[in-house]
Amino acid sequence: MLAFAVVVASLLFAMRPPTEMSEPQFKPITVDVAEVVREDLRVQIQAQGTVSPLRSSSLLAEVSGRIVEVADHFNVGGFVAEGDMLLRVDPRDYETNLLRARAAVESAESALAQERGRAQVAEREWKKLPAGSQRSDEARDLYLRKPQLEQAESQLLAAQADLNTAQDNLDRTVVRAPYAALIKAKHSDLGQFVATGSPLADIFAIEAAEVRLPIPQSRLDFLELPEVNGDQEGSVIDLYTDVGGVVKHWTAHLQRTEGVFDERSRALYAVARIDDPYGLHRDGRDPLRVGTFVNANITGRELRDVIALPRYLLRAGNSIWVINEDNLLRNRSVTTLRTGGDVIYIRDGLEEGELVSLTLLDSSFEGSEVIIQSRTPTNALDEHGKPRAPEATQDVTASVVEESNQPEG
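Residues numbered from 1 in each chain as written. Predicted model: local features only at pLDDT ≥ 70, side-chain atom pairs only at ≥ 80, totals over all residues. Heavy atoms only, no water.

Could you give an account of the overall build of the chain, naming the residues involved and the relevant values?
The helix and strand inventory of the chain stands at four helices and 23 strands. Relative to its 409 residues, the chain shows a buried fraction of 36%. Counted over contacts in the chain with a minimum sequence separation of 6, partners at least 24 positions apart contribute 75%. (Helix = DSSP H or I, 4+ residues; strand = E, 2+ residues; numbered from the N terminus. Buried < 20%, exposed > 50% of the residue type's maximum accessible area, 1.4 Å probe, protein only. Contact = heavy atoms within 4.5 Å.)

Spelled out as structure tokens, the structure:
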């Protein structure tokens, strides 16, 4: 059996087919590429904030009494125009005080008229006295009733002041809106007795709203900030937020900066202003309600001679894939502006007309041959590496921090 096995093995070895050596085949990789185009761009610095009213007020009762009338729109969320009546306090006591004050004024006027008549009579009598009988100036003034006349005039002034106070108190029984506003909260209602200083309602202005946006110190050079005296508006700001799954936008302007850095975050708060946030004077405009948390894209200064690419192309070490003239894949280090958005900005490391791979590849493909499937200029790409629609703007959304050659975390 052992000899038979040796014979069979020898026959199989002798009859083996010849071994054929073949060269390994390398198939080219199909990629999409972007052709480098340097351009001048305005990047948008991102920030976040909460919409707050331009001004807000707490209305207090200036007189005491029972509320006898309220307006139909005196409800939380109700809009009021400047000068609209909100509520009325019982005016009867103040009408009575006004009548008394008017009577006091008339009485003081009568007393003054009588005193002036007495003074005129005394003056004629004084002139008839012999020259030697005229004594000191004090005696002369007393004889001519000048102190009495001054007292009557003072009493008239006091009565007129009381009349003005009574009229003011009567006017204060009607509480009116000091400006066009929305009622945020109300603390009183029909039939309630209020004392002087009792809270009636909280309101805020609706002609404009503001958003405080924290801007890190390293980003300030990229912004066109308003003048220190506030005479000039700053950059245009696009405010947006997700409302029911739909992203809605509003336009604002950089109104001012608060002038001091926050000690903890080292950020300077810029204030954006939105006119007519509730869209009361613009048909079809979505309201931007106070308290809404919004994202802000602030249009910054123009950056010259930079290249914009989708962020996903940037690899560890600030590297990207470049296609050379032999259609080979090469790793290239570039100098970028560190950004927080979906777009990166490259200053150095790429030349005009070079090709950048838009296809994600790992480091094992270094030196591989590629076949170009599509070619798109970098200025026609969106943040996802897709060709931008012809009507899309050239502005890109990114948050510029600083220029750096270090890898991004």
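There is more to say, and it comes next.
I'd like a description of the pattern of salt bridges, backed by residues and values.
Opposite charge on two side chains allows them to pair when their charged atoms are near. Summed over the entire model, instances satisfying the criterion amount to 15 salt bridges. With a shortest N-O distance of 2.6 Å, Arg55 and Glu207 are connected by a salt bridge. Here Arg55, found in the loop between strand E2 (39-53) and strand E3 (56-60), pairs with Glu207, found in the loop between strand E10 (199-205) and strand E11 (208-216); they are 152 residues apart in sequence, far enough to count as distant. Residue classification places Arg55 among the partly exposed residues on the basis of a relative accessible area of 39%. Several salt bridges converge on common partners, so that one network encompasses Asp40, Glu302 and Arg304. (Salt bridge = Lys/Arg side-chain N within 4 Å of Asp/Glu carboxyl O.)

Go over the sheet that holds strand E6 (residues 85-89) with me, naming the residues and quoting the values.
Strand pairing within a sheet occurs via backbone hydrogen bonds; the two strands may be parallel or antiparallel. Across the sheet, which stays open at both edges, the four strands sit in the order E7-E6-E4-E9 with antiparallel pairing between neighbours. One side of each edge strand has no neighbouring strand; the edge strands of this open sheet are strand E7 (174-176) and strand E9 (193-194). Examined bridge by bridge, E6 and E7 share three bridges and lie antiparallel to one another. Counted as the bridge partner of Leu87 is Val175 from E7. (Pairing = 2+ DSSP bridges.)

Any chance you could break down the sheet that holds strand E20 (residues 355-357) for me, citing the residues and the numbers?
With respect to topology, five strands assemble into an open sheet ordered E17-E16-E20-E1-E21, the strand pairing being mixed. The strands lining the two open edges of the sheet, one partner per strand, are strand E17 (329-333) and strand E21 (370-377). In this sheet, adjacent strand axes meet at a mean angle of 45° when their direction is disregarded. Inspection of the sheet shows strand E16 (residues 319-323) paired to E20 by two bridges, in the antiparallel sense. Within E20, the residue paired with Val322 across the bridge is Val356. (Axes fitted to C-alpha atoms, helices over the stretch in contact; angles between N-to-C directions.)

Outline a nonpolar patch on the surface, supporting the account with residue identities and numerical values.
A cluster of nonpolar residues, Phe4, Val8 and Leu12, forms a patch on the protein surface that exposes about 320 Å² of accessible area. With respect to the helices and strands, the residue Val8 is situated in helix H1 (residues 2-14). (Patch = residues over 30% accessible without salt bridge, like charges linked within 9 Å, V, L, I, M, F, W, Y side chains within 5 Å. Areas by Shrake-Rupley, 256 points an atom, 1.4 Å probe, with all protein chains shown as cover.)

Before we move on, can you summarise the confidence of the model for the chain with the specific residues and values?
Summarising the model, the chain shows a mean pLDDT of 84, and 89% of its residues fall at 70 or more. In the model, residues 392-409 has pLDDT below 50 throughout and makes 67 contacts with residues more than four positions away in sequence or in other chains. (pLDDT = per-residue confidence, 0-100.)

Mind laying out the nonpolar core, listing which residues take part and the relevant values?
Of all hydrophobic cores here, the largest spans 31 residues; its most connected members are Leu213, Ile237, Leu239 and Tyr345. Elements that contribute at least two residues to this core include exactly E2, E11, strand E12 (236-243), strand E13 (246-261), strand E14 (267-275), strand E15 (293-310) and strand E19 (343-348). Broken down by element, this core gets its largest block of residues, six residues, from E15. Core analysis: the second largest hydrophobic core is formed by 25 residues, Val80, Leu87, Val175 and Ala177 among them. (Core = buried A, V, L, I, M, F, W, Y, C linked by side-chain atoms within 4.5 Å.)

Which residues make up the environment of Ser58, and what values go with them?
Looking at the secondary structure, you find Ser58 in strand E3. For the pair formed by Ser58 and Lys184, sequence separation is 126 residues and the distance between their alpha carbons is 9.7 Å. Residues within four places of Ser58 in sequence aside, it is in contact with Ala201 and Asp202. A polar contact is formed between the side chain of Ser58 and the side chain of Asp202, at a distance of 3.1 Å. (Polar contact = N/O pair within 3.5 Å; in protein donor to acceptor, adjacent residues only side chain to side chain.)

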